[in-house]
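The residues making up each chain are set out below.
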Amino acid sequence: MIDSMRVGPATLGPYQRAVAGAGAALAGQGVLTLILVPWRHHLNVATPALVFVVPVILGVAIGGFGPGVVAAASGFILFDLFFLPPYGVFTVRDAQNWVTLVVYVVVVLVVARIVTNQQAAREEARRREDDANRLFELSQALIGDLSLTQMLDRVVAIVQSAFQPDWTALLLPSGAGEESELLVAARAGRPLDGTDLATLTLGGHTNSLGLTVGHEASRVTLALVASNRPVGMLVLHQVEFERQDRALLATFANQAALAIERAQLQEQALRSRLLEEIDRWRSAMMGAVSHDLRTPLSSVKTAVSSLRQDGAAMTNEDRAELLALIETQSDRLARLVTNLLDMTRIDSGALDLRPAPVPFDELAADAMHAVDGLLATDQVTIISPPGLPLLTIDLVLITQVVANLLENASRFSPPGSAIVVKAKEAVGGLVEISVGDQGPGIDAGQREQVFEMFSQHGGGGRAGLGLAIAKAFVEAHGGTIWVDPNVSAGTRLVFTVPGALTEALPV
């Protein structure tokens, strides 16, 4: 942020600078007089006149042309009293000395005017540079990627730095209607008290945004207008303007209005995109859930209807088969509901890990129990090397991961085909666990998408809940999950979890 406050005389008011400049010039002339008087008989009459120009320049540099005039007059008196005979009296006998005095005064005044003009030019150049820098900063904010809150803070900070009021406030309408209230959205400078806030919202509605004069003489109120509509109001309290400051503030207001309008449009666009994404997710979830619910519910409905209609004529084997089907499909529905609840926990950030050392065999057994009835026991092969470290995991969550991978494998594998669950030690203290099947595989371009919520692949109409939840649970443990690209047939899903420092006990 550019700071317009300067150290030294520039921080004083005009009157203080003039007094300081006159004092410095008079003091300098007094010192030079004390130094030169003992040598005045050996000096040319023009020498003191040239030396007295130095304090004049000093006074002008500090206080402007006024101290230069004072220094010229005092130099005239000192020059006549101490360096032109007769000494000590305000009398000039020689006409040549009168010429010297007049030339001295003229030269001093000309030098004072030149120095004043140069100083004014430098001050104006510095001011224009500061103004250009501040306008550039506002322009950068206009094209930058700032939020509305950041944009408002930047605007009031730049205005406060440029004009140094007691405080600066930026008000925005609370709504889009004519009766919407004006609320303080950003401020800089002194904190606002209750009286300030009360006078700020006097009138209180967007129809007061056209004010160009505040309710107090030292307060400037300026409407911020973009696209022929008011977007806010800028208030500067206890501020003194020079002539060129008003035009600069108007330029600041135009730039600020454009920046605020742009930030508001960006936020509106973001909200629109979020709403579209929510609608897409809602539609995808409804389609996914309805698809996954339809098959098990249909199976349960068919089995129950058969039991009610033909129960008396059924053999015990048929009845047991239908009851097993009902139990299997009910478990499938329960897993779907569990996945939906897990998805809610993930979205709300309520996932709570409770890691503990767990043997891989216990994890595999719990996962097989979770999919009991969905896969035959002899269809799944579990492989783990001897001495495999314990897993530092939340057993419930990682059991759900393996169960989801097993269910995914069962749905896309040929009936009765082999499914392999394998664990091995990996680098970095991790344990790598994989679930491989003999299904149709996953295209290379879809290996990342299958872990997205509600994704579909392979024409199977799969909802994507299981793998998305597995990915969230694995990453919550600090691991990663991916599709192994080095499998020639079928699909192999791999994930990593932390291993414990203590190795598993030998079986």
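Note that residues are indexed from 1 along each chain, following the sequence as it is written. Side-chain atom pairs in this predicted model are given and counted only at pLDDT of 80 or more, local residue features only at pLDDT of at least 70, and totals for whole chains, interfaces and linings cover all residues. Here the side-chain values reflect all heavy atoms present in the structure, with hydrogen atoms and water set aside.

**Q** Whenever I open this one, the overall build of the protein confuses me. Can you help?
**A** Each helix and strand in the protein was counted, giving twelve helices and eleven strands. Counting only residues that meet the buried cut, the protein has 40% of its 507 residues in that class. Throughout, a contact is declared for two residues whenever any of their heavy atoms are within 4.5 Å. Taking all contacts inside the protein whose residues are at least 6 apart in sequence as the whole, residues at least 24 apart take part in 67%. With residues, only the protein chains shown are counted as cover, and all accessible areas are computed by Shrake-Rupley using a 1.4 Å probe. Only carbon and sulfur atoms are counted for the fraction: they give 59% of the accessible area of the protein, which is about 27000 Å². To qualify as a helix, a DSSP run of H or I must reach at least 4 residues; to qualify as a strand, a run of E must reach at least 2; elements of each kind are numbered from the N terminus. Only protein chains enter the accessibility calculation, which uses a 1.4 Å probe; a residue is then buried when its area is under 20% of its type maximum, exposed when over 50%, and partly exposed in between.

**Q** What is the right way to read the packing of helix H3 (residues 53–63) against helix H4 (residues 65–83) from this model?
**A** Each pair of packed helices can be described by the angle between their axes along with the distance between the axes. Helix axes use the C-alpha atoms of the stretch in contact, all axes being lines fitted to C-alpha atoms, and the angles between their N-to-C directions lie in the range 0 to 180 degrees. The contact between H3 and H4 brings their axes to 7 Å, and the two run at 155 degrees. Relative to H4, the element H3 is oriented roughly antiparallel. Helix-helix and strand crossings are classified by hand; for H3 and H4 the assignment is right-handed. Contact with H3, carried on its side by Val56, Gly59, Val60 and Gly63, involves Phe65, Pro67, Gly68, Ala71 and Ala72 of H4 and no other residues of that element. The class makeup of the residues in the contact of H3 with H4 is six nonpolar, three polar and no charged. With respect to orientation, any angle under 35 degrees is reported as roughly parallel, any angle over 145 as roughly antiparallel, any angle of 65 to 115 as roughly perpendicular, and every other angle as oblique. By the definition used in this description, the sense in which the near helix is turned from the far one sets the handedness, with an anticlockwise turn below a right angle giving left-handed and a clockwise turn giving right-handed. Only Asp, Glu, Lys and Arg are considered charged, only Ala, Val, Leu, Ile, Met, Phe, Trp, Tyr, Cys and Pro nonpolar, and every remaining residue, Gly among them, polar.

**Q** What's the story with helix H6 (residues 148–163) in this structure? I'm lost.
**A** Within an α-helix, residues lying three or four positions from one another point in the same direction, as the helix has 3.6 residues per turn. To estimate how far a helix should reach, multiply one less than its number of residues by 1.5 Å. In a regular helix each residue adds 1.5 Å, so 16 residues correspond to 22 Å; H6 covers 23 Å between its end C-alpha atoms and thus fits that length. Inspection of H6 places Leu148, Met151, Leu152, Val155, Val156, Ile158, Val159, Gln160, Ser161, Ala162 and Phe163 among the buried residues, and these make up the whole buried set. Of the residues trailing H6, Gln164 is marked for its positive phi of about 55 degrees.

**Q** Hey, could you run me through helix H12 (residues 465–476) in this one?
**A** The end-to-end C-alpha distance of H12, which contains twelve residues, comes to 16 Å, matching closely the 16 Å that a straight helix rising 1.5 Å per residue would cover. Most of H12 sits inside the fold, with nine of its twelve residues counted as buried. Within the span of H12, buried status applies to Leu465, Gly466, Leu467, Ala468, Ile469, Ala470, Ala472, Phe473 and Val474. Trailing H12 by a residue or two, Gly478 shows a phi angle of about 85 degrees, which is positive.

**Q** When you look at the sheet that holds strand S1 (residues 167–173) in this model, what are you seeing that I'm missing?
**A** Hydrogen bonds between backbone atoms are what pair the strands of a sheet, whose relative direction is either parallel or antiparallel. Strand order in the open sheet made by the four strands is S2-S1-S4-S3, with antiparallel pairing throughout. Strands at the two margins of the open sheet, each flanked by one partner only, are strand S2 (182–189) and strand S3 (219–226). Going from strand to strand, the sheet's axes swing by 20 degrees on average, the running direction of each strand aside. By definition, two strands form a pair when at least two bridges between them are found by DSSP. Pairing geometry for S1 and strand S4 (residues 229–237), over five bridges, is antiparallel. Note that in S4 the partner of Trp167 across the bridge is His237.

**Q** What exactly am I supposed to notice about the packing of helix H1 (residues 14–36) against H3 here?
**A** Where H1 contacts H3, the two axes come as close as 7 Å, and the packing angle between them is 165 degrees. Comparing their axes, H3 and H1 come out roughly antiparallel. Where H1 crosses over H3, the handedness of that crossing is right-handed. Across from Arg17, Ala18, Ala20, Gly21, Ala24, Ala25, Gly28, Gln29 and Leu32 in H1, the residues of H3 making contact are Pro55, Val56, Leu58, Gly59, Ile62 and Gly63. In the contact of H1 with H3, the residues fall into nine nonpolar, five polar and one charged.

**Q** Would you mind showing me how to read the environment of Leu236 here?
**A** Secondary-structure assignment places Leu236 in strand S4. With relative accessibility at 0%, the residue Leu236 sits in the buried group. When the C-alpha positions of Leu236 and Phe163 are compared, they lie 8.6 Å apart, and in sequence the two are 73 residues distant.

**Q** What is the right way to look at the pairing of S3 in this model?
**A** The two faces of a sheet get side chains in turn, since along a regular strand they alternate between them. Most of S3 sits inside the fold, with six of its eight residues counted as buried. As judged from the eight bridges shared by S3 and S4, these two strands associate in the antiparallel manner. Pairing of Val225 across the sheet is with Pro230, part of S4. Linking two consecutive strands that pair antiparallel, namely S3 and S4, is a turn of two residues; a positive phi of about 55 degrees is found at Ser227 within it.

**Q** When you look at the pattern of salt bridges in this model, what are you seeing that I'm missing?
**A** Pairs can form between side chains of opposite charge whenever their charged atoms are close. Here, a salt bridge means any Lys or Arg side-chain nitrogen found within 4 Å of an Asp or Glu carboxyl oxygen. Per the stated rule, a full pass over the model turns up five salt bridges. A salt bridge links Lys424 to Glu432; its shortest N-O distance comes to 3.7 Å. The structure contains a network of salt bridges with shared partners spanning Lys424, Glu432, Asp484 and Arg492.

**Q** Would you explain the nonpolar core in this entry?
**A** For soluble globular proteins, nonpolar side chains are generally found buried alongside one another. Counting 39 residues, the largest nonpolar core has Phe360, Leu406, Ile433 and Phe495 as its most contacted members. For this core, the elements supplying multiple residues, two or more each, are helix H10 (360–370), strand S7 (389–393), helix H11 (395–412), strand S8 (419–425), strand S9 (430–437), H12, strand S10 (481–483) and strand S11 (491–503). Examining the composition of this core, we find that eight residues originate from one element, H11, more than from any other. With sequence-adjacent residues up to four places away left out, Ile433 is seen in contact with Phe360, Leu363, Leu391, Lys422, Ala423, Leu493, Val494, Phe495 and Val497. Among the nonpolar cores identified, the runner-up in size contains 30 residues, and Leu148, Val155, Val239 and Ala253 belong to it. In this description, a nonpolar core means a group of buried Ala, Val, Leu, Ile, Met, Phe, Trp, Tyr and Cys residues linked to one another through side-chain atoms lying within 4.5 Å.

**Q** Would you mind showing me how to read the confidence of the model for the protein here?
**A** In low-pLDDT regions, the fine details of the predicted coordinates are not to be read closely. Values of pLDDT, which run from 0 to 100, indicate the predictor's confidence residue by residue. When pLDDT is averaged along the protein, the result is 75, and 77% of the positions lie at 70 or above. Within the model, pLDDT remains below 50 along residues 1–10, and this stretch shows 21 contacts once partners closer than five positions in the same chain are excluded.

**Q** Is there a simple way to think about the side chain of Asp484 in this case?
**A** In this fold, Asp484 is placed in the loop between S10 and S11. According to the relative accessible area criterion, Asp484 is buried, its value standing at 13%. In the analysis that follows, any N or O atom pair within 3.5 Å is treated as a polar contact, provided that within protein one partner can donate a hydrogen and the other can accept it, and provided that, for residues neighboring in sequence, both atoms belong to side chains. Reaching out from Asp484, the side chain makes a polar contact with the backbone nitrogen of Asn486 at a distance of 2.9 Å. One polar contact links Asp484 to Arg492, side chain to side chain, over a distance of 2.6 Å. Setting aside its immediate chain neighbours within four residues, Asp484 contacts Arg492 and Val494.

**Q** Sorry if this is basic, but what is going on with a nonpolar patch on the surface here?
**A** Together, Val102, Val106, Val110 and Ile114 make up an exposed nonpolar region whose accessible area comes to about 320 Å². Given the relative accessible area of 46%, Val106 is considered partly exposed. Patches here are clusters of residues that have more than 30% relative accessible area and form no salt bridge, with a 9 Å joining cutoff for like charges and a 5 Å cutoff for nonpolar side chains (Val, Leu, Ile, Met, Phe, Trp, Tyr).

**Q** Can you walk me through the environment of Pro415 in this structure?
**A** Summarising the element assignment, Pro415 is placed in the loop between H11 and S8. According to the relative accessible area criterion, Pro415 is exposed, its value standing at 84%. Counting along the chain gives 23 residues from Pro415 to Gln438, while the straight-line C-alpha distance between them is 9.9 Å.

**Q** Looking at this structure, how should I read the side chain of Asp437?
**A** Relative to the assigned elements, Asp437 resides in strand S9. Overall, Asp437 belongs to the buried group, its relative accessible area being 6%. Within the structure, the side chain of Asp437 is placed 2.9 Å from the backbone nitrogen of Gly439, a separation counted as a polar contact. When near neighbours in sequence (up to four residues on either side) are disregarded, Asp437 contacts Ala409, Ser413, Ala418, Ile419, Ala489, Gly490 and Thr491.

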